[in-house]
Amino acid sequence: APMSFATIADNLLLAAIQQHLKTASIPAEHFRLQVEAAALARDPGASMAFAQIVKRAGMGLVINNESAETLEPALMRMLPCDYYKVPATHLGSLRKAVYMAHGVDMSVIATGVENCEMFATLWSENVDYMQGDYLCPPMPVPDYPFADEQELSSDTLAAPTWSVNR
């Protein structure tokens, strides 16, 4: 889920994320934080500071604009983000988003791609990445009762109980 304003204002969050990445031996450049566009627009100064810390740490940043309301161009230019994520269903605002994002070297991700026609339209609009049921249908609900698990596999050196019980 995208981060809210309260989350990006939490000074301890990034330190905790960095520590978890280090502990799990995950390179920071393989990690992307997704932030709501409205949260970034709420306080541009705090947003800029947050984005700079994320980038210095080597992580990527995604602006999630599911409302499809256009983010201010000045704010987009100011934030060192990698991706701009918008719904595919709002083609008019999507065209503007592609133009603005590409103008500041951001890649555009369109969500909600449901059919071949939508995919072809987005491709012709220079959308960089697409997500949706057309590309990856939902997975069936697993039949394993995960509620029985008492600990995470990362909490123990041994294999998780579900791998032993198969």
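To be clear, the structure that these remarks concern was listed above.
Note that this is a predicted model, so its numbers are computed, not measured.

Draft legend 1. Main features of the nonpolar core. Counting 40 residues, the largest nonpolar core has Leu33, Phe50, Ile63, Tyr84 and Leu122 as the members making the most contacts within it. When residues in this core are grouped by element, the largest group, five residues, is from helix α6 (residues 91-103). The residues touching phenylalanine 50, leaving out its near neighbours within four places in the chain, are Met3, Ile8, Leu14, Leu33, Val35 and Leu61.

Draft legend 2. Highlighting the sheet that holds strand β4 (residues 107-111). Taken in spatial order, the five strands make up an open sheet running β1-β2-β3-β4-β5, and their pairing is parallel. Looking at the sheet topology across the chains shown, the edges are occupied by β1 (32-36) and β5 (129-130). Together, β1 and β2 (60-64) form the strand contacts of helix α4 (residues 44-56), whose direction differs from that of β2 by roughly 140°.

Draft legend 3. Focus on α6. The end-to-end C-alpha distance of α6, which contains 13 residues, comes to 18 Å, matching closely the 18 Å that a straight helix rising 1.5 Å per residue would cover. All of the buried residues in α6 are Leu94, Ala97, Val98, Met100 and Ala101.

Draft legend 4. Focus on the side chain of serine 47. Relative to the helices and strands, serine 47 is located in helix α4. Residue serine 47 is classed as buried on the basis of its relative accessible area, which comes to 0%. With sequence-adjacent residues up to four places away left out, serine 47 is seen in contact with Ile8, Ala39, Leu40 and Leu79.

Draft legend 5. Region of interest: the packing of aromatic side chains. Scanning the entire structure with this criterion turns up three aromatic pairs. Centroid distance phenylalanine 119 to tryptophan 123: 6.2 Å. Interplanar angle 20°. Geometry classified as stacked. Taken together, the positions of phenylalanine 119 and tryptophan 123, both in helix α7 (residues 116-124) and four residues apart, correspond to about one turn of that helix. Accessibility expressed as a relative area gives 26% for phenylalanine 119, which makes it partly exposed. Taking 6.0 Å as the distance between ring centres and 50° as the angle between the ring planes, the aromatic pair formed by phenylalanine 119 and tyrosine 134 counts as tilted. Remark: tyrosine 134 occurs in the loop between β5 and α8 (161-164) and phenylalanine 119 occurs in helix α7; sequence separation between them is 15 residues.

Conventions used here
- Residues numbered from 1 in each chain as written.
- Predicted model: local features only at pLDDT ≥ 70, side-chain atom pairs only at ≥ 80, totals over all residues.
- Heavy atoms only, no water.
- Core = buried A, V, L, I, M, F, W, Y, C linked by side-chain atoms within 4.5 Å.
- Buried < 20%, exposed > 50% of the residue type's maximum accessible area, 1.4 Å probe, protein only.
- Helix = DSSP H or I, 4+ residues; strand = E, 2+ residues; numbered from the N terminus.
- Contact = heavy atoms within 4.5 Å.
- Pairing = 2+ DSSP bridges.
- Axes fitted to C-alpha atoms, helices over the stretch in contact; angles between N-to-C directions.
- Expected span 1.5 Å × (residues − 1).
- Phe/Tyr/Trp six-rings, centres within 6.5 Å; stacked < 30°, edge-to-face > 60°.

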